[in-house]
Amino acid sequence: MKRILKGLLFLLLIVCVLGISFTVMSEKLNPNNSHVNLSKNAKVNIVALGDSLTQGVGDPKKSGGYVSRIKEQLQKRGYKNVESYNYGIAGQRSDQINARIKQNKNGLTNKLRKANVIVLTVGGNDLLQSLQKNALIGSEYQFERNMDGAIKKYQNNLQTFLSHVRRINATAPIYVYGIYNPVYVYFPNVTNISQYVDKFNVITSNKVKQYRRMHFVDIHELTYGQFKTKEQRLKLENSNKSISINPFNLIELDGSQGEINNYISPTDHFHPNDKGYNFMTSQLLRAMEKNKDIK
């Protein structure tokens, strides 16, 4: 009887050890499984860093786009002490945003270090400036070759940027927004732009996966706005309406004409409007819930 009991205890011990080992191994293989819920009573410091999407260009409320909205949403959920800091500057590429961290502009580095939520917008200007630079190249081969170089440059700059942010703050969850094609509704048959938007989103998403507690936030649906179904998009593509302007200079459109995409600002036909920033906020909230960083 004693031998049987000893045998059972030994087996139980092995099971416990194997269970602990499996848990540790799972954490190493899936680092995003480890998380710390933000307490509703603790201070929540949100630092948002990036380009015009963080700055809030196009926001009719002039309140800073998704940054002020995510703060409001967390407060509505019972988070009592939420502070948000907006470090968005329109027109900046990934390397320029990273340079601001190195220079500790306006105390940026210090704020990143103390943050317990970090949100980034990056990639839009890297792509836009590359497309603008190469838009008039007549040779398709040369265009693609130049864009391949731009893609590699973005990959390197993005990795440097993300690594820098993670070194400064090793624990806070980091949420990185993707990009969208703001001119799709005007040029649904110009496929090159959407193809490169997709490529940049894949690059960003894949890079983000390489870091612990870093998550990609998809906002690609802003491309289509209210044209959500394949049938609606096909009708848009088959329409005979043509606009004789440069796809990269939609600001040439008269703002009084309104905006075809219900999620984009009629002021510049490029950045999100109130509905667009609300969508960005909802996508961020959904990602934070999915990764259990908020309750």
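Above this text sits the structure in question.
Scoring rules and cut-offs
- Residues numbered from 1 in each chain as written.
- Predicted model: local features only at pLDDT ≥ 70, side-chain atom pairs only at ≥ 80, totals over all residues.
- Heavy atoms only, no water.
- Pairing = 2+ DSSP bridges.
- Helix = DSSP H or I, 4+ residues; strand = E, 2+ residues; numbered from the N terminus.
- Axes fitted to C-alpha atoms, helices over the stretch in contact; angles between N-to-C directions.
- Contact = heavy atoms within 4.5 Å.
- Salt bridge = Lys/Arg side-chain N within 4 Å of Asp/Glu carboxyl O.
- Buried < 20%, exposed > 50% of the residue type's maximum accessible area, 1.4 Å probe, protein only.

**Describing the sheet that holds strand β4 (residues 174-177)**
Then, in step 1: With respect to topology, five strands assemble into an open sheet ordered β2-β1-β3-β4-β5, the strand pairing being parallel. In this open sheet, the two strands that pair with only one neighbour each are β2 (81-88) and β5 (214-217). Strand-to-strand, the axes of this sheet are offset by a mean angle of 20°, without reference to chain direction.
Then, in step 2: Sheet topology places strand β1 (residues 43-50) next to strand β3 (residues 117-121); four bridges connect them, and they run parallel. When the sheet's bridge partners are listed, leucine 49 is paired in β3 with leucine 120.
Then, in step 3: On top of the sheet, helix α3 (residues 66-76) reaches β1, β2, β3 and β4; it is set at about 170° to β2, its chief contact.
Then, in step 4: Set on the sheet, helix α10 (residues 274-290) makes contact with β3, β4 and β5; between it and β4 the angle comes to about 140°.

**With respect to the pattern of salt bridges**
Then, in step 1: Using the criterion set out here, one finds seven salt bridges in the structure.
Then, in step 2: In this structure, arginine 69 engages aspartate 59 in a salt bridge whose closest nitrogen and oxygen atoms are separated by 3.0 Å. Residue arginine 69 is located in helix α3, and its partner aspartate 59 is located in the loop between α2 (52-55) and α3; the two are separated by ten residues in the primary sequence. Each member of the pair, arginine 69 as well as aspartate 59, carries the same accessibility label: buried.
Then, in step 3: Arginine 77 serves as the salt-bridge partner of glutamate 289, at 2.6 Å between the closest nitrogen and oxygen. Taken together, the residues glutamate 289 in helix α10 and arginine 77 in the loop between α3 and β2 connect sequence positions 212 residues apart.
Then, in step 4: The exposure class assigned to arginine 77 is partly exposed, which follows from its relative accessible area of 28%.
Then, in step 5: A cluster of three or more residues bridged by salt bridges with shared partners is formed by Asp59, Lys61, Arg69 and Asp274.

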